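Structural characterization, general
Single-letter residue listing:
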Amino acid sequence: MIVKQDRKKCIGCGYCADFSPSFWEMNNTDGKADLLNSHLKGDIYQYKPLSFEVDEFKQTAELCPVKVIIIE
Ligand code: SF4
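Fair warning: this is a prediction, and the values are worked out from it, not measured in the lab. (Residues numbered from 1 in each chain as written. Predicted model: local features only at pLDDT ≥ 70, side-chain atom pairs only at ≥ 80, totals over all residues.)

With that out of the way, let us pick up the overall build of the chain. Counting its secondary structure elements, the chain contains 2 helices and 6 strands. Starting at the N terminus and ending at the C terminus, the chain contains elements arranged as β-α-β-β-β-β-α-β. Whereas a compact globule of 72 residues would reach a radius of gyration of roughly 11 Å, the chain reaches 11 Å, a difference of no more than 12%. In terms of overall dimensions, the chain has C-alpha extents of about 30 × 25 × 20 Å along its principal axes. A burial count over the chain gives 19% of its 72 residues as buried. In the chain, 56% of the contacts between residues at least 6 apart in sequence involve partners at least 24 apart. (Helix = DSSP H or I, 4+ residues; strand = E, 2+ residues; numbered from the N terminus. Rg over C-alpha atoms; globule rule 2.2 N^0.38 Å. Buried ≥ 20, exposed ≤ 12 C-beta atoms within 10 Å, placed from the backbone. Contact = placed C-beta atoms within 7 Å.)

This is the structure in structure tokens:
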């Protein structure tokens with residue numbers, strides 16, 4: 001399983017960082033969310049969650065109003 005963030009489409013609402021501050025942080029420079037400990041592959045930031053982290057990422061993905069957080 002992998003978490004992906006299409007960061008360029010992030011609108012900076014902050015819901016992810018409010019709900020899940022262990023994994024998301026708002027960037028002071030451009031106002032978008034950073035997926036912590038992720039790596040950039042192409043245009044997409046990726047993070048491989050541990051099994052106990054998956055539920056929180058799924059809930060966060062549902063909260064994102066523009067659906068740029070994808071769990072695969
Ligand atoms: S919830 Fe989605 S749109 Fe809002 S800051 Fe997080 S990644 Fe960006």
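Next up on the list: the nonpolar core. With 12 residues, the main nonpolar core is built from V3, C10, C16, F23, W24, A33, L35, Y45, F57, C64, V68 and I69. Ignoring any residue separated from it by four or fewer positions in sequence, one finds C16 in contact with W24, A33, T60, L63, C64 and I69. (Core = buried A, V, L, I, M, F, W, Y, C linked by C-beta atoms within 7 Å.)

In the vicinity of the ligand, 14 residues are found, and the nearest of them are C10, C13, C16, A33 and C64. A per-class count over the shell around the ligand returns 11 nonpolar, 3 polar and no charged. (Near = placed C-beta within 6 Å. Nonpolar A, V, L, I, M, F, W, Y, C, P; charged D, E, K, R; others polar.)

With that settled, consider the pairing of strand 5 (residues 44-47). Pairing between strand 1 (residues 3-5) and strand 5: 3 bridges, direction antiparallel. Following the sheet pairing, V3 is matched in strand 5 by Y47. Summarising the sheet, strand 4 (residues 39-41) and strand 5 pair through 3 bridges and their orientation is antiparallel. Residue pairing across strands places H39 opposite Q46, the latter belonging to strand 5. Hairpin connection of strand 4 to strand 5: 2 residues between the antiparallel strands, including G42 at a positive phi of 65°. (Pairing = 2+ DSSP bridges.)

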